[in-house]
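Residues per chain are reported as follows:
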Amino acid sequence: MDMNDNKRRRSMLLYILIAIVAYLMISQTIYPNLRATQVQKVDYSQFVEMVEKDEVTQATSIYGNPEVTFTTGEGDSQKFYETVLYYGTEESTAQLLEEHDVQMVSEIQDTSGDLWLMLLISYGLPILVFLGIGWWLNRRMKKAMGDDGPSMNFGGGFGGGGLGKSNAKEIKGEETGVTFKDVAGQDEAKESLQEIVSFLKNPDKYTEIGARCPRGALLVGPPGTGKTLLAKAVAGEAGVTFFQIAGSAFVEMFVGRGAAKVRDLFKQANEKAPCIIFIDEIDAVGKRRDTSLSSNDEREQTLNQLLSEMDGFDNHKGIVVLAATNRPETLDQALLRPGRFDRRIPVELPDLAGREAILKIHADDVKMEPGIDLGVIARSTPGASGADLANIINEAALRAVRFGRRRVTQEDLLESVDVVIAGEKKKSTVLSPHEKEVVSYHETGHAIVAAMQKGSAPVSKITIVPRTSGALGFTMQVEEDEHFLTTRQEAKDKIAVLCGGRAAEELIFGEMTTGASNDIEKATQLARAMVTQYGMSDKFGMVQLGQPASRYLGGGSQLTCSEGTAQEIDAEVQALVEEGHQNALRTLRENRFKLHEIAHYLQKKETITGEEFMNILTRDDGFAPKMPTPAE
Ligand code: ADP
Ligand code: MG
Ligand code: ZN
């Protein structure tokens, strides 16, 4: 709706502009001499020329306004002129005027000379009337449309900013009424943002102690997960002004306007501080600067301006810049440096509990039959985003209306799941119950093999919520402390863990799926490196057989050996991976019951912590495995 709103407002302004132009044309024909005899417009270079010829006697400028009125001659032969300073020449112009002994007059806004009064009456008044009408129409239109929350209009671009500053409009966050309560789930994101809220509420407390305050945070996550919503909620929670602009809006402007707009935005923010500046889709401006040959100068300028503003603004006042993106990897590294968007807040797709909570929030807005079970809906929509879920509720309400009902029924909801999900199947990954089961066993397989290895890092999280990366789930292992050397045994264990997913599928379903492709790739790479680079195979020993192709691009390796050896290497690699595979199969066979139990639990909960996992695995119910003693 923001877009629409903006467009409408822009066309509204266009009408007004046309009206003004029409008026000017008419007035010029009615009293054609009024203006011409009074003030003649000249362009800047002409003005400079006249000064240099010592024709100019007096120059008047209004503080902060690039227009200069000046006169030539004296007494009866006095003539009035007007010009607009060329951008950036204020200082040099002043110098020039001084050199030529021009009387320099400086005024503060609304001077009332005869001339100005006349101009005001003949032009200003009607313009005001037109603007008034326009504003009134605009408001009516917006009311009719239902105002759609804060949207910032930078439409001032037309006419090259003839109206001076951008006619930015901002609404207090509070007025949107969005708070953290309106954002379901996303507890981790909210927690990270809480600090920003308390900083905005009380910037002094932070500066007093000398703490470096957060300047910017990057909300990273797939579309529709509530990034915009969260940013608004931060403003709402802190009760501060919320400035919103889309990254693309910076770029689509006339050349040179993007950087100016950034400057403008921060200037406005500075006046309204404490406040939040929210830059949506920052990847539109913040793309890495060096990647493509056809560099976009405009975008680069804008980005540079943004960077320098972020470094420059006075943070004691409490300005926080939030930005959202779903493609963090494309961002320019300079944006992520300390003091800029150094905080990264992941906003992930909701899990089962999150989905139910989101459904509940949106269900509160529509009338429902008693006894509706939102849990069923949540369970049937793994992989759906918050926006999808909001849409499901809305579709259900529409369906109820279509059938002439006054309340939404369970059936409406179920039907709308199909509508929304089927319509979105390409966009978001929604697993069928069977797929979900397979993924659960697959991930549990990884986790159990990992837990049963001596040197493996502990499992910290298992999830089957699909990621934007395309992964259908993952098992996260976090090393207790950093280490830089990997032993041969650890490498072998790692391969076994990577094989654990496929092994579980084979064991339970007796079939293979494509879900293991990434595991296979990693396991093979590791095995190959063991043989060709790390000298870890019995057969070849400490001979370098390959070279890393590119250390930085993370490419594979290039073989530096004869063809015959290459074949043997392949066999060796195969043997290493197969060994891991067999190990994984054995481990899982021995812990079959735990595998079932944990996989079922995971399927139900979608995300489980390492702790929950270990609790079930080691619970003494007769099936608990003998755990290996932790590695030294
Ligand atoms: P993003 O900016 O990440 O693309 P939005 O913040 O624009 O997503 O979310 C779109 C809509 O989806 C929101 O207006 C809201 O109605 C709904 N929504 C998304 N996530 C949540 C959530 N966690 N809780 C409640 N509603 C949500
Ligand atoms: Mg958004
Ligand atoms: Zn896997």
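Residues numbered from 1 in each chain as written. Chains lettered and ligands numbered in written order. Predicted model: local features only at pLDDT ≥ 70, side-chain atom pairs only at ≥ 80, totals over all residues. Heavy atoms only, no water.

## Observations regarding the UniProt feature "binding site: Zn(2+)" (unreviewed entry) in the protein
Then, in step 1: In this numbering, the UniProt entry assigns the feature "binding site: Zn(2+)" (unreviewed entry) to His442, His446 and Asp519. The greatest C-alpha distance among the residues just named is 10.8 Å, despite their covering 78 residues of sequence, which places them together in space.
Then, in step 2: Mapping His446 onto the fold places it in helix 18 (residues 433–452).
Then, in step 3: The buried category is assigned to His446, whose relative accessible area is 7%.
Then, in step 4: Aside from chain neighbours lying at most four places away, what touches His446 is Thr475, Val497, Leu498, Gly500, Gly501 and Asp519.
Then, in step 5: In this structure, Asp519 sits in helix 20 (residues 517–532).
Then, in step 6: Residue contacts for Asp519: discarding those within four places in its chain leaves His442, His446 and Leu498. (UniProt positions renumbered as here; feature names shortened; annotations may be inferred. Helix = DSSP H or I, 4+ residues; strand = E, 2+ residues; numbered from the N terminus. Buried < 20%, exposed > 50% of the residue type's maximum accessible area, 1.4 Å probe, protein only. Contact = heavy atoms within 4.5 Å.)

## Remarks on the pattern of salt bridges
A side chain of one charge can pair with a side chain of the opposite charge if their charged atoms are brought near each other.
Then, in step 1: Under the definition given, this model contains 18 salt bridges.
Then, in step 2: Note that Asp311 and Arg340 form a salt bridge whose closest N and O atoms lie 2.6 Å from each other. With a gap of 29 residues between them, Asp311 in helix 13 (residues 297–312) and Arg340 in the loop between strand 10 (319–325) and strand 11 (343–346) connect regions that are remote in the sequence.
Then, in step 3: We note a salt bridge from Arg355 to Glu606, for which the minimum N-O separation is 2.6 Å. (Salt bridge = Lys/Arg side-chain N within 4 Å of Asp/Glu carboxyl O.)

## Some remarks on a nonpolar patch on the surface
Then, in step 1: Side chains of Leu14, Tyr15, Leu17, Ile18, Val21 and Met25 sit close together on the surface and give an oily, nonpolar patch of about 600 Å² of accessible area.
Then, in step 2: For Val21, the location among the structural elements is in helix 1 (residues 2–30). (Patch = residues over 30% accessible without salt bridge, like charges linked within 9 Å, V, L, I, M, F, W, Y side chains within 5 Å. Areas by Shrake-Rupley, 256 points an atom, 1.4 Å probe, with all protein chains shown as cover.)

## Focus on the sheet that holds strand 13 (residues 474–477)
Then, in step 1: Strand order in the open sheet made by the three strands is 13-12-16, with antiparallel pairing throughout. Looking at strand neighbours, the two that pair on one side only are strand 13 and strand 16 (607–609), the edges of this open sheet. Within this sheet the neighbouring strands show an average axis-to-axis angle of 10°, counted without direction.
Then, in step 2: One ladder, built from three bridges, connects strand 12 (residues 459–463) with strand 16; its direction is antiparallel. Within the sheet, the bridge partner assigned to Thr463 lies in strand 16 and is Thr607.
Then, in step 3: Strand contacts of helix 23 (residues 610–618): strand 12 and strand 16, with the helix running at about 75° to strand 16, the strand carrying the most contacts. (Pairing = 2+ DSSP bridges. Axes fitted to C-alpha atoms, helices over the stretch in contact; angles between N-to-C directions.)

## Observations regarding the packing of helix 11 (residues 257–272) against helix 13
Then, in step 1: Where helix 11 meets helix 13, the axes come as close as 7 Å, and the angle between the chain directions of the two elements is 20°. When the axis of helix 11 is compared with that of helix 13, the two are roughly parallel. The hand of the helix 11/helix 13 crossing is right-handed. Packed against helix 11, whose contacting residues are Arg257, Gly258, Ala259, Val262, Arg263 and Phe266, the element helix 13 presents Glu298, Gln301, Thr302, Gln305, Leu306, Glu309 and Met310 at the interface.
Then, in step 2: When the residues that make up the contact of helix 11 with helix 13 are grouped by side-chain class, the tally is five nonpolar, four polar and four charged. (Parallel < 35°, antiparallel > 145°, perpendicular 65-115°, else oblique. Left-handed = near helix turned anticlockwise from the far one by under 90°. Nonpolar A, V, L, I, M, F, W, Y, C, P; charged D, E, K, R; others polar.)

## Structural notes on the coordination of the zinc ion (ligand 3)
Then, in step 1: With distances of 2.0 to 2.1 Å, the protein atoms coordinating the zinc ion (ligand 3) are His442 (NE2), His446 (NE2) and Asp519 (OD).
Then, in step 2: All donors of the zinc ion (ligand 3) belong to a single chain; written as a sequence motif, their spacing is H-x3-H-x72-D. Here the residue His442 occupies a position in helix 18, and Asp519 occupies one in helix 20, the gap between them amounting to 77 residues.
Then, in step 3: Residue classification places His442 among the buried residues on the basis of a relative accessible area of 6%. (Donors = N, O, S within 2.8 Å, 3.2 Å for Na, K, Ca; no water.)

## A look at the site of ligand 1
Then, in step 1: The immediate surroundings of ligand 1 are formed by 16 residues, with Ala184, Gly224, Lys227, Thr228 and His362 found nearest.
Then, in step 2: Backbone polar atom of Thr225 to an oxygen atom of ligand 1: 3.3 Å apart, as the coordinates give it.
Then, in step 3: Within the backbone of Leu229, an N or O atom sits 2.9 Å from an oxygen atom of ligand 1.
Then, in step 4: Listing elements by their share of the shell around ligand 1, those giving two or more residues are helix 9 (227–238), helix 14 (352–363) and helix 16 (386–402).
Then, in step 5: The two domains that each donate at least three residues to the shell around ligand 1 are domain 3 (169–346) and domain 4 (352–422). (Near = heavy atom within 4 Å. Polar contact = N/O pair within 3.5 Å; in protein donor to acceptor, adjacent residues only side chain to side chain. Domains from an automatic or database assignment.)

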